[in-house]
Structures are given as C-alpha cells and as structure tokens.
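Coordinates in review
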2 protein chains.
Amino acid sequence: MKRRKGRRPGNQDTRGSILAVAREVFAEHGYDKASIREIASKAHVDPSLVLHYFASKDKLFLASVQLPFDPDRVVPKVFAGDPDQVAQRLVRIFLAVWEGPISGPAIASVVRSAASHKKSQRLVRDLFSSQIVRRVIDGLGDVVEPSEIPMRASLISSQLFGLAFARYIFKIEPLATADKESVVATIAPTLHRYLFEDLPTPGEDSTKAPR
Amino acid sequence: MKRRKGRRPGNQDTRGSILAVAREVFAEHGYDKASIREIASKAHVDPSLVLHYFASKDKLFLASVQLPFDPDRVVPKVFAGDPDQVAQRLVRIFLAVWEGPISGPAIASVVRSAASHKKSQRLVRDLFSSQIVRRVIDGLGDVVEPSEIPMRASLISSQLFGLAFARYIFKIEPLATADKESVVATIAPTLHRYLFEDLPTPGEDSTKAPR
C-alpha cells in the first residue's frame, strides 16, 4: 500500500498513521527528544491534528506503547490510602491486568516483543522513567525520600517483570498456577521492602533478610 | 542445502545436526517425553553416537538449550557452605554470568529468544524443572522442606529473571548501572526470604514485610 503524500484529512486511518510514526520516532529518539512537531511532520499532518487525536505528547506516547491500561488511572489507585497496603494493591492490580481477558494477552504481546526488539526496549525504558517513576513520586514523595524513588521503582519493576515472565510467559510451576492471593501474600513483602525499608548500601552485611 | 539420507559418520557436522534435532524434539515433546532413541532416529544416526557426543539425555538437553554455564558445576557452588550466604552467592554468580564477556551476550540471546518463542519457553520451563529444582533439592533438602522447594525455586527464578530483564535487557535506571555489590546487597535478602523463611499462606496478613 503506497502512502499518500501531503496533509491528510482527520480520520481513523490518519490516527493509525500518526501512531505508527510516533512509535518509530519514540523508539528512535527516546521520549524526551521526540517532539509532536517531528511526528506530525513525518506523518504529513499538522501538529494540531496530532493534539486533536491524542491531547498531549504523554498520551500519544502511552497510546504508541499500546499499554492495555491507563497509568493515569491505575497508578494513583495503587498509592491512594494506607501506605502499608501499597505493595499488596500493586501486586493485586498487576495480576488483574495480566489475567484480564483482553488486557492479559495485550500486555503479554507488548512485553514479549519488547524482550526481543531493541527499539521496543527503549520504549519500555522510557515508559518506566517518564510515566511510572513520576507518578510514584507523586504518590509517595511525602513518605519516602524522593531521590531514592527511581531506585526503589526499578527494584519493584525487576520483581514484577520477573513475576510476569515466570508466571505468564515461561509458566514456571508451581508459581504459574498458584492462586492469586498466595502470590499477593508472597510477593507483596518484597515490594514493601523495596518501597519503604532502608536499602542496604555496598559493604553492609546483606546475608540475612532484614528483621 | 539438502540433508543426506542414512547414517552419518561421526564429525562436527553430525554433532551439530543432532543438537538441532534435539532442540526441536525437546521443544515439541518436553524434556520428560523426549528420548535419545527418537532424537537419534530423526537425526539419522545410531543412539550410541548421540551418547558418544553428549554422554546423557541430561547433557544433550543442556547443550541444546545453549546455556553458557554448566549447572552441574555452578549450582553446587551456590549451595556449598553456610546457608546464610546462599542468597548472596546466588546473586553474585548470576551477575557474573550475565556480565561475562562471552556468557553475558550468550545468555541474553537465549533469554530474549525464549521470551518471544513458544517452543523456547517450554525449553526454559523444562530446564528449570529438570535441571535447577533437582539440584536445589540436592543442595538444600536437609535445610528446607523438600516439598516446598519447587515453589521456593520458582519465586527465586521470578526475582532473578526480573533482575536480568530490568538490568540487562530493558536497562532500567538506576538498576541498570548500579554497582554489583549494591545489587547483591539489595536482591540477596529477597532470595533469602524466598529460600528460607515461612512463605505466607492465603488469608494471612501480607501487608507488611516479615519481621
């Protein structure tokens, strides 16, 4: 199919083309350096049309990553309420997304493809730093030293990525078929520690679990 | 290139063909149901030639997964000595494999491809259940209830897979560039808990880290 030249009328096809171009541009230049102007120009549309469809660079980025949930809705839900319950809520929502009839296959396919394509890895990285960390700081900046939040968030992502790979992608037993509440009960204390407890610094004795 | 019919002479080419066939058969039938006899037959060689090159089904399986380390050498090293140091040694050896100039790229490519190919996912799963869990039971069966070891091992794999994805594949900062000893100090207590502490059962309060 040949691409038409010139400005396009606003329709679903245009929206899809903008998304496809945005995915390329974000993957190539990264979230920070990508601009609405460049994406619009490469999609042969006016920047105002990009904003008409996607409202902001942020929303356009999220749409281009094809996340099956909206971090703007989900992340604040995790951090609302008692901080002692944050870790539990986080695991529970994470499992719900992965086990949803529509969101599950969608996120599995995003993660699978990200694991094998360098460009998608940059999208995952940018998604994390531009979308997740900022919202965690919004949610927990009063409780935890804000400068520590990127490390805490990356540790949490390591446990959650791994849970997804072990349970849903590699299907390692018995974790793959364990009931949800045991998974929550087992994984939440790890996330709780990564979120709230002092992280050991090099040189400290790290042989034992914290007590 | 056409495959020659009939029995092949023993040479490097034959070894490679056996490996390629073995990878297919293990991926299709799983480790348990795959047999040397079937692999030999599909590779048009005598079963004794398979054993000549690979010594056992176990070793053939390991060679076909292309792990850049030998679990027979590495896993006992982790479990030798003080159980309080097991988690630390495990993270340290895991990082050393991923950061080795030869083993690092090799394991990254195995894991990347496993993440996106169903057949390789079965290999990872079988590698885990047939190779890793058994050796952990050998190493820790006196210290930990053996029937709990598969769950403990799958939890550990979830954290280690996730560490690998976050640090080496998605390169999420600051975890991606944190110095090795901080990573050991931060991740080891998680593995220590998964290995040795009581795992919560559903219904228990799991909101707080264990104390």
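Quick caveat: nothing in here was measured; it's all calculated off a predicted structure.

1. What to know about the pattern of salt bridges
A side chain with one charge may pair with a side chain of the opposite charge, provided their charged atoms come close. Applying the stated criterion across every chain yields a total of 16 salt bridges over all chains. Residue K180(B) is joined to E99(B) by a salt bridge in which the shortest nitrogen-to-oxygen separation is 3.8 Å. Taken together, the residues K180(B) in helix α10 (residues 180–196) and E99(B) in helix α6 (residues 86–99) connect sequence positions 81 residues apart. Note on K180(B): relative accessible area 36%, which makes it partly exposed. A salt bridge links E148(B) to R152(B); the shortest N-O distance between them is 2.8 Å. On the basis of relative accessibility, which here comes to 4%, the residue R152(B) falls in the buried class. The structure contains a network of salt bridges with shared partners spanning D58(A), K59(A), D72(A) and R135(A).

2. Description of the interface of chain B and chain A
Across the boundary between the two partners, chain B contributes 57 residues, which contact 57 residues of chain A. Taken together, the two surfaces of chain B and chain A that pack against each other cover about 4800 Å², and 64% of this comes from carbon and sulfur. Viewed at the interface, chain A and chain B are joined by zero salt bridges. For the interface between chain B and chain A, the tally reads 12 residue pairs in polar contact (both at pLDDT 80 or more). The set of elements that each furnish at least two residues to the side of chain B that touches chain A consists of α7 (103–116), α8 (118–140), α9 (149–169) and α10 of chain B. Residues of the side of chain B that touches chain A, tallied by class, amount to 29 nonpolar, 16 polar and 12 charged.

Thresholds applied
- Residues numbered from 1 in each chain as written.
- Chains lettered and ligands numbered in written order.
- Predicted model: local features only at pLDDT ≥ 70, side-chain atom pairs only at ≥ 80, totals over all residues.
- Heavy atoms only, no water.
- Salt bridge = Lys/Arg side-chain N within 4 Å of Asp/Glu carboxyl O.
- Helix = DSSP H or I, 4+ residues; strand = E, 2+ residues; numbered from the N terminus.
- Buried < 20%, exposed > 50% of the residue type's maximum accessible area, 1.4 Å probe, protein only.
- Contact = heavy atoms within 4.5 Å.
- Buried area = accessible area lost by both parts, 1.4 Å probe.
- Polar contact = N/O pair within 3.5 Å; in protein donor to acceptor, adjacent residues only side chain to side chain.
- Nonpolar A, V, L, I, M, F, W, Y, C, P; charged D, E, K, R; others polar.

Nothing here speaks to function; it is all geometry.
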